[in-house]
Amino acid sequence: MSELINADLVRLDADLGAEKHDVIRALARVVDEAGRATSADQLVEDAFAREAKSGTGLPGGIAIPHCRTSGVADATLAFARLAPTVDFGAKDGPADLVFLIAAPEGGANTHLQLLTKLARSLVKTSFTDALRAAETPAEVAALVNEVVGEPAPAPASAPPPAAPAGRRSLVAVTACPTGIAHTYMAAEALEAAAAKAGVDITVETQGSAGTTPLPAATIAAADAVIFAVDVGVRDRGRFAGKPLLSSGVKRPIEQGDAMIAEALRLADDPHAPRVEGGGADQGSGAGGSETGESWGGRTRRVLMTGVSYMIPFVAAGGLLIALSFLLGGYEIVGPYGEIAVNNTIFDLPDPQALGLDHALFGSGLAAYVGALFFIIGKTAFMLFIPALAGYIAYAIADRPGIAPGFVMGGLAANLFNVQSADGSTSLPATGFLGAIIGGVLAGVIAHWVAGWKVPTWMRGLMPVLIIPLFTSIVAGLLMIMVFGKPIGWLMDQLNEGLNSLNGSSAILLGVILGLMMAFDMGGPLNKVAYSFAAAGVGGAALATDAPQLKIMAAVMLAGMVPPLALALATVVRPGLFNQAERENGKAAWALGASFITEGAIPFAAADPLRVIPAIMAGSAVTGGLSMALDVGVRAPHGGIFVIFAVSNLFGYLIALVAGTLVGAAGVILLKSIGRKDPETVDAERELVTV
């Protein structure tokens, strides 16, 4: 592997632009000029995509934009000491030290190791001070190579040496959503703060580079535990009964000393919040009030955990059923079972005899594969509601909540198909809403049972027997006897409302969904609209014209419009955009076509007041037209690449083109009448001259 960084990859006291995307582009050019990029455009695109997920600004004037990309062949670091500083999203202000970390695709381990080593070093003031004091690029390269060349600190695999008598000890878990930089920076900050306070601490980093669990003896000897996490802690039952300080993963980086002091105070407080678990003395802190996490934040985390685990079931199931219809025709919903049981790859079915008039090319092989795809896809759909409920319960009660949560999801889907003898009535299928309520119910009950004080001999039975059994009984009876019929009635009303949507009501829903998809381009509103549509596709698995499929079409098309509209605008009026935006416009064609709304973010970040209203107008037009023209999409993702799953292809194209034209026209109009940036004015003059 080539040297990670050299003097050619360093810029000192450089003005690389006014905002973070300019800096990333400039550093990508540095990588390209040093002969380390196979495609600078691809590197920029992938770095922007990572930046769109969450800001890479860190406390202390540091930023670490990073990505895995086909734009480099070897892992590469580019560094800039900025003058002036640029905002990368850190709370304490803009950054003057910026690393661009580019790892080749397939080089995941190298990528994570680099980030881990840099993250741990960047919380050390000696390292950052040396970077700020360096006088030459060669000096910076030597400093960085010295850091990244050292082995990354390994998670603890054995108990630390016994602490001196009277010395306090703590354990901690750090974890961020991506499991990369903040996970390790928080660990390093806690270790430094504990050393300063004369306290022993052992940190378990639950990151993407792997996790080595803390030894049981280390946990048992600790006076308290710190959970500095933005996601659920794996196997948190190991810490049952320990005084608990809980926070987001960024707090230790900013307030490490205060957290160590607070954890020690909680260790001495008999009424402190404690980690729930069998036999743990909860004190007055029982009931799940964890220091540092608001109820709103906890609710969002719980629901998004369930949704994030649900969506892969919907995506896989939807695409498989769409493919089954492509191969076997819509008639495959009838004889799929007969085909799977009675035929093989060496004894193919007769499509005509089975009534499969729309099998691809009239092929028996297509019909056979289509039947198998339908079975696999339908199975995935049958599991998405249990997965939603199961992982909501998991987010509340950890591993003991999974089994009862899945059971509640099975009840919500009526997975057992419980019905009367004549088949005229069945147990209410409470669907998506029932899964949420059942998952929360299972999680809360499991969390409560885990807090029971039980004899020592019973503690091992709690997570594997007592909690799942008791929770399944209580939550299951409540779901069937109390909540089932009211939720079932509510779901019936919702389905009837969706089925009755027509005319202006359907168009209005499409407009609202379009506005949500474009407003924050991958943010919370965008994800709410997408989750609503994706769950609806799951509920409409077997229908050919269900309103849920029309909602999915409106959401997908509206999400494609922002990047496409901006790409078109850069072609029609290139002088309104600077050079970097015109380059982004080229990538936006592919991103928009693939239903990656985040492709519009670089434009919106640079000029939100003119770009966002325009693309919202375009997406609203597309969403309304899609509903008005009865466009349906069975696949929950893929853009034009799942066009085989579209019903009313002509309407699909009309809605997409119309919204793209409206969005592009809006951007051009607003940029033409608004204040122009000097760079775009110069670019326009240059283009006119040419």
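None of these values were measured; they are calculated from a predicted model.

### Re the overall build of the protein chain
Then, in step 1: The helix and strand tally for the protein chain stands at 22 helices and twelve strands.
Then, in step 2: A total of 690 residues make up the protein chain; the buried ones form 51% of that total.
Then, in step 3: In the protein chain, the proportion of contacts linking residues at least 24 apart, taken out of those at least 6 apart, comes to 73%.
Then, in step 4: Element-wise, carbon and sulfur atoms account for 62% of the exposed surface of the protein chain, whose accessible area totals about 29000 Å².

### A short note on the sheet that holds strand S8 (residues 200-205)
Sheet strands pair via backbone hydrogen bonds, and the direction of the pair is either parallel or antiparallel.
Then, in step 1: One open sheet accounts for four strands, arranged S8-S7-S9-S10; its pairing is parallel. Edge positions in the sheet fall to S8 and strand S10 (244-247), since each has one partner strand and no second. Sheet twist, expressed as the mean angle between neighbouring strand axes with direction ignored, is 15 degrees.
Then, in step 2: The pairing of strand S7 (residues 169-175) with S8 spans six bridges and is parallel. When the bridges of S8 are listed, Leu-170 appears paired with Ile-201.

### Topic: helix H18 (residues 579-593)
Then, in step 1: Between the first and last C-alpha of H18 there are 22 Å, a value that for 15 residues agrees with the 21 Å anticipated at 1.5 Å per step.
Then, in step 2: The sharpest bend along H18 reaches about 35 degrees and sits at Ala-587.
Then, in step 3: Along H18, the residues classified as buried are Ala-580, Glu-581, Arg-582, Asn-584, Gly-585, Ala-587, Ala-588, Leu-591, Gly-592 and Ala-593.
Then, in step 4: Downstream of H18 by one or two residues, Phe-595 has phi in the positive range, about 65 degrees.

### Describing a nonpolar patch on the surface
Then, in step 1: On the surface, a cluster of nonpolar side chains totalling about 1000 Å² of accessible area is made up of Trp-457, Leu-461, Val-464, Leu-465, Leu-469, Ile-473, Leu-477, Ile-480, Met-481 and Val-482.
Then, in step 2: Mapped onto the elements, Leu-469 comes out in helix H14 (residues 462-499).

### A closer look at unusual backbone geometry
Then, in step 1: Here the residue pair Ala-83 and Pro-84 is connected by a cis peptide bond, since its omega of 10 degrees sits within 30 degrees of zero.
Then, in step 2: Take Pro-84: it is sitting in strand S5 (residues 76-86).
Then, in step 3: Backbone geometry places Asn-414, a non-glycine residue, at a positive phi of 50 degrees.
Then, in step 4: On the secondary structure map, Asn-414 appears in the loop between helix H12 (402-412) and helix H13 (431-450).
Then, in step 5: Positive phi, normally seen in glycine, also occurs at Asp-630, with a value near 60 degrees.

### A short note on the confidence of the model for the protein chain
Then, in step 1: Here the protein chain shows a mean pLDDT of 80. Residues at 70 or above account for 83%.
Then, in step 2: Looking over the protein chain, one finds the lowest element-wise mean pLDDT in helix H22 (residues 678-689), namely 47, and the highest in helix H21 (residues 649-673), namely 93.
Then, in step 3: The low-confidence segment residues 685-690 (pLDDT under 50) makes three contacts with residues lying over four places distant or belonging to another chain.

### Topic: helix H20 (residues 608-628)
Residues spaced three or four apart along an α-helix point in a common direction, a consequence of the helix completing one turn every 3.6 residues.
Then, in step 1: Taking 1.5 Å per residue as the helical rise, H20 with its 21 residues ought to reach 30 Å, and the 30 Å between its terminal C-alpha atoms agrees with that figure.
Then, in step 2: Just beyond H20, the residue with positive phi is Asp-630, at close to 60 degrees.

### Quick look at the pattern of salt bridges
Then, in step 1: Scanning the model with the defined rule gives 13 salt bridges in all.
Then, in step 2: Of the charged contacts, one joins Arg-238 and Glu-204 as a salt bridge, the two residues approaching to 2.9 Å between their closest N and O atoms. Note that Arg-238 is positioned in the loop between strand S9 (224-229) and S10 and Glu-204 in strand S8, a separation of 34 residues in sequence.
Then, in step 3: Overall, Glu-204 belongs to the buried group, its relative accessible area being 2%.

### A closer look at the environment of Ala-590
Then, in step 1: Within the secondary structure, Ala-590 is located in helix H18.
Then, in step 2: Sequence separation of Ala-590 and Gly-639 is 49 residues, and the distance between their C-alpha atoms is 10.0 Å.

### Overview of the pairing of S9
Then, in step 1: Burial of S9 is extensive: six of the six residues sit out of reach of the surface.
Then, in step 2: Burial along S9 is two-sided: Ala-224, Ile-226 and Ala-228 facing one way and Val-225, Phe-227 and Val-229 facing the other are all buried.
Then, in step 3: Note that S9 and S10 share four bridges and pair parallel. Bridging across to S10, Phe-227 finds its partner in Ser-246.

### Quick look at the environment of Leu-326
Then, in step 1: Within the element layout of this structure, Leu-326 appears in helix H9 (residues 295-328).
Then, in step 2: According to the relative accessible area criterion, Leu-326 is partly exposed, its value standing at 33%.
Then, in step 3: Sequence spacing of Leu-326 and Ala-359 is 33 residues, and the spatial spacing of their C-alpha atoms is 7.5 Å.
Then, in step 4: Setting aside residues no more than four positions away along its own chain, Leu-326 makes contact with Leu-360 and Phe-644.

### Details of the packing of aromatic side chains
Then, in step 1: Overall, the coordinates contain ten aromatic pairs when judged by the stated rule.
Then, in step 2: Through a chain of ring-to-ring contacts, the aromatic side chains of Phe-325, Tyr-336 and Phe-374 assemble into a single cluster.

### With respect to the packing of helix H11 (residues 364-397) against H13
Then, in step 1: Two elements in contact, H11 and H13, have axes separated by 7 Å at closest approach and are oriented at 30 degrees. Classed by the angle they form, the pair H11 and H13 counts as roughly parallel. Seen along the crossing, H11 lies across H13 with a hand that is right-handed. Residues Ile-385, Leu-388, Ala-389, Ile-392, Ala-393, Ile-396 and Ala-397 of H11 lie in contact with H13, whose contacting residues are Gly-431, Phe-432, Ala-435, Ile-436, Gly-439, Val-440, Ala-442, Gly-443, Val-444, Ala-446 and His-447.
Then, in step 2: When the residues that make up the contact of H11 with H13 are grouped by side-chain class, the tally is 14 nonpolar, four polar and no charged.

### Comments concerning the packing of helix H17 (residues 547-572) against H18
Then, in step 1: Packing of H17 against H18 brings their axes to within 8 Å, and their N-to-C directions diverge by 145 degrees. Regarding H17 and H18, the two cross each other, and that crossing is left-handed. Counting all contacts with H17, which are made through Met-560, Pro-563, Leu-564, Ala-567, Leu-568, Thr-570 and Val-571, the residues of H18 involved are Glu-581, Arg-582, Gly-585, Ala-588, Trp-589, Gly-592 and Ala-593.
Then, in step 2: Among the residues forming the contact of H17 with H18, the class breakdown is nine nonpolar, three polar and two charged.

### What about the nonpolar core?
Here is a general trend for soluble globular proteins: nonpolar side chains tend to be buried in one another's company.
Then, in step 1: In this structure, Ile-332, Val-555, Met-556, Leu-557, Met-560, Phe-595 and Tyr-652 are the most contacted members of the largest nonpolar core, which totals 57 residues.
Then, in step 2: When contributions to this core are tallied by element, the ones reaching two or more residues are H9, H11, helix H15 (503-519), helix H16 (524-539), H17 and H21.
Then, in step 3: For Val-555, the contacting residues outside a window of four places in its chain are Leu-513, Met-517, Ala-529, Tyr-530, Ala-533 and Phe-595.
Then, in step 4: Grouped together as the second largest cluster of nonpolar side chains are 56 residues, Val-30, Ala-37, Val-44 and Leu-77 included.

Calculation rules
- Residues numbered from 1 in each chain as written.
- Predicted model: local features only at pLDDT ≥ 70, side-chain atom pairs only at ≥ 80, totals over all residues.
- Heavy atoms only, no water.
- Helix = DSSP H or I, 4+ residues; strand = E, 2+ residues; numbered from the N terminus.
- Buried < 20%, exposed > 50% of the residue type's maximum accessible area, 1.4 Å probe, protein only.
- Contact = heavy atoms within 4.5 Å.
- Areas by Shrake-Rupley, 256 points an atom, 1.4 Å probe, with all protein chains shown as cover.
- Pairing = 2+ DSSP bridges.
- Axes fitted to C-alpha atoms, helices over the stretch in contact; angles between N-to-C directions.
- Expected span 1.5 Å × (residues − 1).
- Bend = angle between axes of the 7 residues up to and from the residue.
- Patch = residues over 30% accessible without salt bridge, like charges linked within 9 Å, V, L, I, M, F, W, Y side chains within 5 Å.
- Salt bridge = Lys/Arg side-chain N within 4 Å of Asp/Glu carboxyl O.
- pLDDT = per-residue confidence, 0-100.
- Phe/Tyr/Trp six-rings, centres within 6.5 Å; stacked < 30°, edge-to-face > 60°.
- Parallel < 35°, antiparallel > 145°, perpendicular 65-115°, else oblique.
- Left-handed = near helix turned anticlockwise from the far one by under 90°.
- Nonpolar A, V, L, I, M, F, W, Y, C, P; charged D, E, K, R; others polar.
- Core = buried A, V, L, I, M, F, W, Y, C linked by side-chain atoms within 4.5 Å.

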